[in-house]
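# Observations on the model geometry
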Amino acid sequence: MTHSRTGNLSGNVCEPTATANALAAVVRGRPRLGLILGSGFGGVARAVTLERSFNYEELKGFPKGRVAGHDGQLLIGKLGDVDVIVLAGRAHFYEGFNLDEVTFPIRVLAAFGLDTVLLTNAAGGISPALRAGDFMILRDHINFMGVNPLRGVVSEGSSGNVEPSRFTDMTEAYDPELRRILRAVARSQRLRVVEGVYLAVSGPSYETPAEIRAFGRLGASAVGMSTVAEVIVARQCGLRVAALSGITNLAAGRAGPGVRLSHEEVLAQAHSREVVATQLVAEFARRWNLLV
Ligand code: HPA
């Protein structure tokens, strides 16, 4: 698969296949499950028995730059008995990266030959059913970022056909079977979990209470600033997708008048659930491995 690109492509014209091949040349493991760790899921990285790790700076085409709570490392190793590749930390649109840069690591994972990705994030709860500390399995999403990562991307197959398509189907982006596994694992670990709709905004400001009321009426259960661009690209590349939000706060206005949001509190809440989040992801990986 080659990606020739036109349009709004500042900077990142590196081929994902070249980076994937460079990785494959230096590691033994051939994981088929990828884990993308957002805030609150960093414990997963520490639970991996490492074969190799790379700073994003070492990987051609990977976005450089960080925000608090994100490491910027690609890990290859085992989570329990399962071979995994882990993206510990992600680039965000709100940091100034364009979506080509944000989603480049996903294209590398696809080119590396993965079957499935589990994306994780921190999110604010919009649904009355959600409280801080809960988890939400993504059933669907609303892309409210105002941009789409496939804009300007032309992907041509070797036969000259335009394949995979920029007009990617998103009807069942979140794999029903993987969602079933996540539900079963959450139940077995007695976690408070709901399935819901994740709405992505560009950020970085938090939302106003009026926006949150509007998003609720649109059908959103939770709100965050990541994940959907990666999911769109993952689906374009044919990866099976599951995604999980750790609910770190009630979305703006939901906690009552005058209750404000702070990034530090969001991160503190995220970290307080890291052990539980790690167990959830590890058990998901174990059951996924029995399935494939
Ligand atoms: N809004 C947007 N992104 C978030 C939130 C929120 O309330 N909490 C964690 N990430």
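Residues numbered from 1 in each chain as written. Predicted model: local features only at pLDDT ≥ 70, side-chain atom pairs only at ≥ 80, totals over all residues. Heavy atoms only, no water.

## Brief notes about the pattern of salt bridges
Pairs can form between side chains of opposite charge whenever their charged atoms are close. Enumeration over the complete set of coordinates arrives at eleven salt bridges. Between E274 and R46 there is a salt bridge, and its shortest N-O distance comes to 2.5 Å. With E274 in helix α8 (residues 274–291) and R46 in helix α2 (residues 43–47), the pair connects residues that are 228 residues apart, well separated along the chain. Owing to a relative accessible area of 12%, E274 belongs among the buried residues under this scheme. (Salt bridge = Lys/Arg side-chain N within 4 Å of Asp/Glu carboxyl O. Helix = DSSP H or I, 4+ residues; strand = E, 2+ residues; numbered from the N terminus. Buried < 20%, exposed > 50% of the residue type's maximum accessible area, 1.4 Å probe, protein only.)

## Comments concerning the confidence of the model for the protein
For the protein, per-residue confidence averages 90 on the pLDDT scale, and 89% of positions sit at 70 or higher. The low-confidence segment residues 156–162, where pLDDT is below 50, has six contacts with residues more than four positions distant or belonging to other chains. (pLDDT = per-residue confidence, 0-100. Contact = heavy atoms within 4.5 Å.)

## Details of the site of the ligand
Lining the immediate surroundings of the ligand are A122, A123, G124, Y206, E207, V223, G224, M225, T248, N249, L261 and V266. Here a nitrogen atom of the ligand sits 3.4 Å away from a polar atom, N or O, in the main chain of A122. Here a nitrogen atom of the ligand sits 2.7 Å away from a polar atom, N or O, in the side chain of N249. Here the ligand loses 95% of its free accessible area of 260 Å² to cover by the protein chains. Of all elements in the fold, only β6 (116–125), β10 (222–224) and β11 (240–250) reach the threshold of two or more residues within the shell around the ligand. Of all the elements, β6 adds the most residues to the shell around the ligand, at three residues. Split by residue class, the shell around the ligand holds seven nonpolar, four polar and one charged. (Near = heavy atom within 4 Å. Polar contact = N/O pair within 3.5 Å; in protein donor to acceptor, adjacent residues only side chain to side chain. Areas by Shrake-Rupley, 256 points an atom, 1.4 Å probe, with all protein chains shown as cover. Nonpolar A, V, L, I, M, F, W, Y, C, P; charged D, E, K, R; others polar.)

## Considerations on helix α1 (residues 16–26)
All of the buried residues along α1 are P16, T19, A20 and L23. Angular distribution of buried residues about the axis of α1 spans 100 degrees; they occupy a single face of the element. (Arc of directions from axis to C-beta.)

## Overview of the packing of helix α3 (residues 99–112) against helix α6 (residues 228–236)
At a minimum axis distance of 9 Å, the contact between α3 and α6 shows a crossing angle of 50 degrees. With respect to α6, the element α3 is oriented oblique. Here α3 runs over α6; the crossing is right-handed. In this structure, α3 uses L99, V102, T103, I106 and R107 to contact α6, whose residues at the interface are A229, E230, V233, A234 and Q236. For the contact of α3 with α6, the class distribution of residues is six nonpolar, two polar and two charged. (Axes fitted to C-alpha atoms, helices over the stretch in contact; angles between N-to-C directions. Parallel < 35°, antiparallel > 145°, perpendicular 65-115°, else oblique. Left-handed = near helix turned anticlockwise from the far one by under 90°.)

## Description of the side chain of R90
Within the secondary structure, R90 sits in the loop between β5 (82–88) and α3. Here T120 takes part through its backbone oxygen, which lies 2.9 Å from a polar atom of the side chain of R90. At 3.4 Å, the side chain of R90 forms a polar contact with the side chain of S226.

## Notes on the side chain of R240
By secondary structure assignment, the location of R240 is in strand β11. Within the structure, R240 has its side chain in polar contact with the side chain of D175 (distance 3.1 Å).

## Thoughts on the packing of α1 against α3
In the contact formed by α1 and α3, the axes pass within 8 Å of each other and the chain directions differ by 60 degrees. The angle between α1 and α3 places the two elements in the oblique class. Every pair of crossing elements has a handedness; the one defined by α1 and α3 is right-handed. Here α1 contributes P16, T17, T19, A20, L23 and A24 to the contact with α3, which in turn contributes F104, R107, V108, A111 and F112. Classifying every residue of the contact of α1 with α3 by side-chain character gives eight nonpolar, two polar and one charged.

## Side note on the environment of K64
Position of K64 among the secondary structure elements: in the loop between β3 (49–55) and β4 (73–79). Classification of K64 as partly exposed rests on a relative accessible area of 39%. Considering only alpha carbons, one finds K64 and A91, 27 residues apart in sequence, at a separation of 7.7 Å. Those residues in contact with K64 that sit more than four places away from it in its chain are Y56, E57, L59 and F97. Here the side chain of K64 touches Y56 through a polar contact of 3.1 Å, landing on its backbone oxygen. Within polar-contact distance, the side chain of K64 engages the backbone oxygen of L59 at 3.1 Å.

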